[in-house]
Amino acid sequence: MTIASDTPFPRLAFLGMGTMGLRMARRLCEAGHAPQVWNRTPAKAGPLAALGAVVHARAAAAVAEADIVISMLESGPVVEEVLFAQGVAAAMKPGALFLDMASIQPREARDHAARLGALGISHLDAPVSGGPGGAETGTLAIMAGGKAEDFARALPVLTHFGHATHVGPHGSGQLTKLANQMIVGISIGAVAEALLFTSRGGADMAKVKEAITGGFADSRVLQLHGQRMLERDFAPRARMDIQLKDMRNALATAQEIGFEAPITALFERLYAEGVENGLTDLDQSALFVELASRNGMS
């Protein structure tokens, strides 16, 4: 269903001005939209006012007139709380579209879709990959689950953020994001272990990375995270505890669908031990530190 509007753009609301959300909402402003925005800490949304956004103190007030509500919140429980306890679902117009771009569990996305559908509100789960840099430049990979017609309706908005692909019914976007995080988390571990292995054997890790580049073992993880390991640059882009959350969500979903994921289970334990050993707020590439410590390497 398309809602008539007096403006050339759909009326947009954006909930969640964290590291990703602020950059994404700024892109909407720069494209000529005037989104209604909300954040639990209002000051974080303040900079958008100068770009044409309207900042609200209540999430329900931000979404009241929106055709499409974009959400970039912290977790599934937070999305549920904002939707159903803070009154966002009740405040949205029948026929509006809730575009959830947070990374949550597939079953949570399916539950939210069903509850919103009962209110006459459409839903897409559309988590992203690409980090703050991708949010800044509009080059995120977006994985969308839901009805094809709702994806088509959201696509003109999603193109401001990056490349979007419709991967299946409700929950499929979140399932794809978990697959993405499984590959990223496991690959970080493989790169860290391999570089440390060569160092223990007497090779120069930087030269090993150079030698591997261009071969079958080359990857963005080797180039980006591997470089951070060489430079001992573990300033957080995606934190260790977030990677651990993703691995645990993947294992919970695997159990729900009757799928054995032994490799993910192994890396969940490794990330958990890194977090227990004080690496919580470091970049996910700090798994290198945990593996180095296990081998008595500084």
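Just above sits the structure.
These lines cover the structure that appears in this document, whether it is placed above or below. (Residues numbered from 1 in each chain as written. Predicted model: local features only at pLDDT ≥ 70, side-chain atom pairs only at ≥ 80, totals over all residues. Heavy atoms only, no water.)

## Brief notes about the packing of helix 8 (residues 172-200) against helix 13 (residues 287-294)
In contact at an axis separation of 9 Å, helix 8 and helix 13 are set at 40° when each is read in the N-to-C sense. The angle between the axes of helix 8 and helix 13 places the two elements in the oblique class. Relative to helix 13, helix 8 is oriented so that their crossing is right-handed. For the pair helix 8 and helix 13, the contacting residues are Ile188, Gly189, Ala192, Glu193 and Leu196 in the first and Leu287, Phe288, Leu291 and Ala292 in the second. (Axes fitted to C-alpha atoms, helices over the stretch in contact; angles between N-to-C directions. Helix = DSSP H or I, 4+ residues; strand = E, 2+ residues; numbered from the N terminus. Parallel < 35°, antiparallel > 145°, perpendicular 65-115°, else oblique. Left-handed = near helix turned anticlockwise from the far one by under 90°. Contact = heavy atoms within 4.5 Å.)

## Quick notes on the environment of Val54
By secondary structure assignment, the location of Val54 is in strand 3 (residues 54-56). Given the relative accessible area of 36%, Val54 is considered partly exposed. Measuring from C-alpha to C-alpha, the distance between Val54 and Gln255 comes to 43 Å, with 201 residues separating the pair along the chain. Sequence-distant contacts of Val54, defined by excluding residues within four places in its chain, comprise Pro35, Gln36 and Val37. (Buried < 20%, exposed > 50% of the residue type's maximum accessible area, 1.4 Å probe, protein only.)

## Regarding the packing of aromatic side chains
Counting across every chain of the model gives two aromatic pairs. Above the face of the Phe84 ring, Arg115 is positioned so that its terminal group lies 3.9 Å from the ring centre. (Phe/Tyr/Trp six-rings, centres within 6.5 Å; stacked < 30°, edge-to-face > 60°. Lys NZ or Arg CZ within 6 Å of the ring centre and 35° of its normal.)

## Topic: unusual backbone geometry
Trans peptide bonds make up most of the peptide bonds, and negative phi angles are found at most residues other than glycine. The phi torsion at Arg232 lies on the positive side, around 55°, for a residue other than glycine. Relative to the helices and strands, Arg232 is located in the loop between helix 10 (220-231) and helix 11 (240-257). A residue is classified by how much of its surface remains accessible, and Arg232, at 43% relative accessible area, is partly exposed.

## Points about the pairing of strand 9 (residues 162-168)
With six bridges connecting them, strand 8 (residues 140-145) and strand 9 associate as parallel partners. From the neighbouring strand, Ala144 faces strand 9, where its bridge partner is His166. Chirality of the crossover, the property in question, places the unit of strand 8, helix 7 (residues 148-158) and strand 9 among those that are right-handed. (Pairing = 2+ DSSP bridges. Right-handed = clockwise from strand over helix to strand, strands pointing away.)

## Notes on the nonpolar core
In this structure, Phe14, Met101 and Phe161 are the most contacted members of the largest nonpolar core, which totals 32 residues. Elements represented by at least two residues in this core include exactly strand 1 (12-15), helix 1 (19-30), strand 4 (68-71), strand 5 (97-100), strand 8 and helix 7. In contact with Phe14, not counting residues within four places along its chain, are Gly21, Met24, Ala25, Leu28, Gln36, Val37, Trp38, Ile70, Met72 and Phe161. Within the second largest apolar cluster, 27 residues are counted, among which are Val191, Ala192, Leu287 and Phe288. (Core = buried A, V, L, I, M, F, W, Y, C linked by side-chain atoms within 4.5 Å.)

## Quick notes on the side chain of Asp150
Looking at where Asp150 falls in the secondary structure, it is placed in helix 7. For Asp150, which is buried and forms no salt bridge, the nearest opposite charge comes from Arg153, at a distance of 4.6 Å. For Asp150, the residues in contact, after removing those within four places along its chain, are Leu97, Ser122, His123 and Leu124. (Lys, Arg positive; Asp, Glu negative; His and termini not counted. Salt bridge = Lys/Arg side-chain N within 4 Å of Asp/Glu carboxyl O.)

## Thoughts on the side chain of Ser122
Looking at the secondary structure, you find Ser122 in strand 6 (residues 122-125). Given the relative accessible area of 18%, Ser122 is considered buried.

## Digging into the pairing of strand 6
Here strand 6 shows two buried faces, one formed by Ser122 and Leu124 and the other by His123 and Asp125. In this view, the connection linking strand 5 to its parallel neighbour strand 6 by way of helix 5 (residues 106-117) has right-handed handedness.

## So, the packing of helix 8 against helix 10
Where helix 8 meets helix 10, the axes come as close as 10 Å, and the angle between the chain directions of the two elements is 55°. Considering their axes alone, helix 8 and helix 10 lie oblique with respect to each other. Crossing handedness for the pair helix 8 and helix 10: right-handed. Together, Ser187, Ile188, Val191, Ala192 and Leu195 of helix 8 and Val221, Leu222, His225, Gly226 and Met229 of helix 10 make up the contact between the two elements. Taken together, the residues of the contact of helix 8 with helix 10 break down into seven nonpolar, three polar and no charged. (Nonpolar A, V, L, I, M, F, W, Y, C, P; charged D, E, K, R; others polar.)

## Points about the pattern of salt bridges
As enumerated under the stated definition, the model contains 16 salt bridges in all. In this structure, Asp233 engages Arg237 in a salt bridge whose closest nitrogen and oxygen atoms are separated by 2.7 Å. Judged by relative accessible area, Asp233 falls into the partly exposed class, the value being 24%. In this structure, Asp246 engages Lys245 in a salt bridge whose closest nitrogen and oxygen atoms are separated by 3.9 Å. One salt-bridge network, in which partners are shared between bridges, spans Arg11, Asp67 and Lys93.

## Comments concerning helix 12 (residues 262-279)
Every buried residue of helix 12 is listed here: Thr264, Phe267, Glu268, Leu270, Tyr271, Ala272, Gly274, Val275 and Leu279. As for helix 12, its buried residues are in contact with helix 8, helix 11 and helix 13.

## A word on helix 13
Of all the positions in helix 13, only Leu287, Phe288, Glu290, Leu291 and Ala292 are classed as buried. At its buried positions, helix 13 is contacted by helix 8, helix 9 (205-212), helix 10, helix 11 and helix 12. A positive phi of about 65° marks Gly296, the residue just after helix 13.

None of the figures reported here should be taken as evidence of function without further support.
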